[in-house]
Amino acid sequence: MAHSVRRDAPELPDFSLLKRLARDQLIYLLEQLPGRKDLFIEADLMSPLDRIANVTTLKQHDVDKLYKVEYKPIVSTSDQLCFLIRPRIKTVKWICDVVNADKAFGRFRRYKIIFSPQKFYACENLLEEQGIFGDVTTDEWSFYLLPLDDDIISLELPEFFRDNFLEGDQRWVRTAGSALHLLHSVYGPFSKVYGIGRCSKMAYESWREQVEEGEQRARQAEIGNVFLIDRDVDLVTPLCSQVVYEGLVDDIFRIKCGCVEFGPDVTSSDKSIKVMLNSQDKVFNEIRNEHFSQVFGFLSQKARNLQTAYDKRSGMDIKQMKTFVSEELKGLKQEHRLLSLHIGASESMMKKKTKQDFQELLKTEHSLLEGFEIRECISYIEEHINRQVSMVESMRLLCLLSLTENAFSLLYSSLSYFLSQSYGIEHLLTFSNLKQLGLLVEQQPGETLTVMESRVGKLVNDKTAGKLTDAFSSLAKKSNFRALGRRLNLVPKSDEEYDLRVPRDMAYIFSGAYIPLSCKLIEQVLERDGWTGLEEVTRMLNGHEFAVTAGSNGSDARVKTDSQRIILVMFLGGCTFSEISALRFLGREKGLKFIVVTTAITNSARLLESMLDNHA
């Protein structure tokens, strides 16, 4: 069942070096405050820090106690305090309060603030405004990249999406450029860089500035081409329900920093267990990219094979038993433990998805993607809202309808009212955020109303407009998604049944209903060696595309060939595990290896939760 790797596939670079660099720099910064000290760590840095330098390592470098930043008076008695934080005004203000409280009590301490991945002028300005600029020392922990697996690297900046695409705050663009610069410096010159999206273009320009400012050193290339893509180029894909195993685990259990916590319903005990999900887990590695419908069969076969391996013990003599215990038993027990966890996780997911009418939900999504039975889809969404199913789920379906059909052009006001009545008036601001981002589309000024559209307007203003179905069914406007779908064949023809056991294209990640636009763009650009022939597509995606020859790949022909077949894809604004699975499939088909660099792992829930009006 598991997809086989081509024998001629190139070897991926060793990204463990990025961890060592980050750890060494952090240790150096901690030693700049000599002696025993207490370390305060911002909550969303704790998991990444644990992957880089564990508690034992920190203790070896004079860290006495560790605290989580909790925005309340501290209890530390240490004379030296170190704060490891993101460059956020709220956190800096809290540190100012801590220092000023100590001053008020006449207590002298030494304070050090380590900003990660960089410090911003606004933070230093606040220190000055609060009168403590001279009382603290500040530094930067240039921790840009966290390797989550052999082919996944994260900047761990989930706020990038909201800050950049909603708020228009471009402060993280240079961070993305610096991350690219680090990869370029460590793993050699890139040959070509392709990109699409305004943010991608700015990140590329930031990287080039840093390359020109820095010292140029010749080194052997380990990565060939680079592709940069903005998340808002493809907002449909992250709104779709994930059905590959790793994506489904993320949707239900929330994978955080490469780890997942399985509760008692999975472990069959009263304890929860944290599990690292990566290629080192042999069971997980074989099912992570598979459609969920194929996973149970594989796990059952794996269990039978494991039992057969255990049964070999019968009839062994003492020498054979000794060899078995020393060489095989430990591995079998580890595999048995992991197999039990993944079987438990699969059973738990199956129960939860059955309760939520998962098949009906997928049918609605696929109909929206394919443009069929839209009236029935709207009825389903309407019922979803009326039953007050999860606010985020309802928003997801509405956004998917809007992006695929452009069907909200005349109904924005009525829908705002409809959802606020069901979920609370405070979500009117959330609705506005979705509109501003383009997830929900409002009538543009100057557009002409037909007689049919006028009747819809009358309908939604009427007191009896609790029903949206009739209003939606009268709209026949087509969105760019439909045109893009036809141009790029994003929705495969459904003349024959899609065999999920032997996938024929990347559409398998959505049960054969849809090829992710982001991945299809990457495939097309790499095949064409640029954007030639895709002018109509880029026009519909608002342009900002580029293709630049960045440098040479060295003289050795074989090295050149291998590095050229390694493609680094950077998603600015987050990417899903489904997209990663699709790129792995594409890589196997084309004899390539893809490295995914993302500002954060995302899914529909994370994306929409970042749009909530109470988002902090």
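Here is what the cut-offs are and how they apply
- Residues numbered from 1 in each chain as written.
- Predicted model: local features only at pLDDT ≥ 70, side-chain atom pairs only at ≥ 80, totals over all residues.
- Heavy atoms only, no water.
- UniProt positions renumbered as here; feature names shortened; annotations may be inferred.
- Helix = DSSP H or I, 4+ residues; strand = E, 2+ residues; numbered from the N terminus.
- Contact = heavy atoms within 4.5 Å.
- Pairing = 2+ DSSP bridges.
- Axes fitted to C-alpha atoms, helices over the stretch in contact; angles between N-to-C directions.
- Phe/Tyr/Trp six-rings, centres within 6.5 Å; stacked < 30°, edge-to-face > 60°.
- Buried < 20%, exposed > 50% of the residue type's maximum accessible area, 1.4 Å probe, protein only.
- Lys NZ or Arg CZ within 6 Å of the ring centre and 35° of its normal.
- Core = buried A, V, L, I, M, F, W, Y, C linked by side-chain atoms within 4.5 Å.
- Arc of directions from axis to C-beta.
- Right-handed = clockwise from strand over helix to strand, strands pointing away.
- Salt bridge = Lys/Arg side-chain N within 4 Å of Asp/Glu carboxyl O.
- Parallel < 35°, antiparallel > 145°, perpendicular 65-115°, else oblique.
- Nonpolar A, V, L, I, M, F, W, Y, C, P; charged D, E, K, R; others polar.
- Expected span 1.5 Å × (residues − 1).

Under an unreviewed UniProt entry, the name given to the chain is VPS33B late endosome and lysosome associated, and the organism recorded is Salmo trutta. What the UniProt record of the chain gives under Sequence similarities (unreviewed entry) is the line "Belongs to the STXBP/unc-18/SEC1 family."

Caption draft 1: Structural context of the environment of Phe372. Here Phe372 shows up in the loop between helix H14 (358-370) and helix H15 (374-386). Beyond its immediate sequence surroundings of up to four residues, Phe372 is in contact with Ser367 and Cys377.

Caption draft 2: The arrangement of the sheet that holds strand E3 (residues 80-85) in detail. Read across the sheet, five strands follow the order E2-E1-E3-E4-E5 without closing on themselves; strand pairing throughout is parallel. Of all strands in the sheet, those bounded by a partner on one side alone are strand E2 (63-68) and strand E5 (136-140). Across the sheet, the mean angle from the axis of one strand to that of its neighbour is 20°, orientation sign disregarded. Two strands pair when backbone bridges link them, and strand E1 (residues 37-41) and E2 are joined in this way by four bridges, in the parallel orientation. Paired with Leu39 across the bridge in E2 is Leu66.

Caption draft 3: Region of interest: the packing of aromatic side chains. Within the structure shown, the criterion is met by 20 aromatic pairs. Geometrically, the ring pair formed by Trp141 and Phe143 is stacked, given 4.5 Å between the ring centres and 20° between the ring planes. An angle of 35° between the planes, with centres 6.5 Å apart, marks the rings of Tyr194 and Phe227 as tilted. One end of the pair, Tyr194, is in strand E8 (residues 192-196); the other, Phe227, is in strand E9 (residues 225-230), and 33 residues separate them in sequence. Tyr194 gets classed as buried once you look at its relative accessible area, which sits at 2%. Overall, the relative accessible area of 0% leaves Phe227 in the buried class. The rings of Phe40, Tyr67, Tyr71, Phe83 and Trp94 are connected pair by pair, giving a single aromatic cluster. Lys90 extends its terminal NZ or CZ atom over the ring of Tyr71, reaching a point 4.4 Å from the ring centre. Here Arg208 stacks its cationic end above the ring of Trp207, 5.1 Å away from the centre of that ring.

Caption draft 4: A look at the nonpolar core. Core analysis: the biggest nonpolar cluster contains 163 residues, and Trp141, Leu183 and Leu439 have the highest contact counts within it. Looking at which element gives the most residues to this core, the answer is helix H16 (residues 391-405), with nine residues. Other than its neighbours up to four places away in sequence, Leu183 contacts Phe15, Leu18, Leu145, Ile153, Gly188, Phe190, Leu568 and Val597. Among the nonpolar cores identified, the runner-up in size contains 20 residues, and Phe40, Cys96, Leu126 and Leu127 belong to it.

Caption draft 5: Quick look at helix H18 (residues 428-437). Those residues of H18 that fall on the buried side of the exposure criterion are Thr430, Phe431, Asn433, Leu434 and Leu437. One side of H18 carries all its buried residues, which in axial view fall inside an arc of 155°. In H18, the exposed residues that point more than 90 degrees away from the buried face are Leu429 and Gln436. Phi turns positive, to about 95°, at Gly438, one or two residues after H18.

Caption draft 6: Focus on the side chain of His184. Its location among the elements puts His184 in helix H7 (residues 173-187). Judged by relative accessible area, His184 falls into the buried class, the value being 15%. With near-sequence residues (within four places) excluded, His184 lies in contact with Pro189, Phe190, Trp207, Val211 and Arg219.

Caption draft 7: Geometry of the pairing of E3. Along E3, six of the six residues are buried, which leaves the element largely enclosed by surrounding structure. Both faces of E3 are covered, namely the face carrying Gln80, Cys82 and Leu84 and the face carrying Leu81, Phe83 and Ile85. Here E1 runs beside E3; their pairing, made up of four bridges, is parallel. Counterpart to Asp38 in the pairing with E3 is Leu81. Where the polypeptide runs from E3 across helix H4 (residues 89-104) and back to strand E4 (residues 110-115), its parallel neighbour, the crossover connection is right-handed.

Caption draft 8: Local environment of the pattern of salt bridges. Using the criterion set out here, one finds 33 salt bridges in the structure. Close ionic contact of Lys93 with Asp97 constitutes a salt bridge, the shortest N to O distance being 2.9 Å. Remark: Asp97 and Lys93 occur in helix H4; sequence separation between them is four residues, near one turn of the helix. On the accessibility criterion, Lys93 (32% relative accessible area) is partly exposed.

Caption draft 9: Summary view of the packing of helix H1 (residues 16-31) against helix H2 (residues 43-52). Interhelical geometry of H1 versus H2 gives an angle of 105° and a closest axis separation of 9 Å. In terms of axis orientation, H1 runs roughly perpendicular to H2. Packed against H1, whose contacting residues are Lys19, Ala22, Arg23 and Leu26, the element H2 presents Leu49, Arg51 and Ile52 at the interface. For the contact of H1 with H2, a count of residues per class yields four nonpolar, no polar and three charged.

Caption draft 10: Region of interest: the sheet that holds strand E7 (residues 152-154). The seven strands lie next to each other as E6-E7-E14-E13-E9-E8-E12, forming an open sheet whose pairing is mixed. Pairing within the sheet leaves two strands with one partner each, and these edge strands are strand E6 (146-149) and strand E12 (546-549). Taken pair by pair, the neighbouring strands of this sheet meet at an average axis angle of 20°, ignoring direction. Both E6 and E7 contribute to a ladder of three bridges, which runs antiparallel. When the sheet's bridge partners are listed, Leu146 is paired in E7 with Ser154. Against the sheet, helix H8 (residues 198-213) contacts E8, E9, E12 and strand E13 (566-572), and its axis sits at roughly 135° relative to E9. This element, helix H25 (residues 577-590), spans E7, E13 and strand E14 (593-598) of the sheet and lies at about 160° to E14.

Caption draft 11: Structural detail: H15. For H15, which comprises 13 residues, the first-to-last C-alpha distance of 18 Å matches the rise-based estimate of 18 Å (1.5 Å per residue) to within 8%. Every buried residue of H15 is listed here: Ile374, Cys377, Ile378, Tyr380, Ile381, Glu382, His384 and Ile385. Where H15 terminates, the next one or two residues include Gln388, which has phi positive at roughly 55°.

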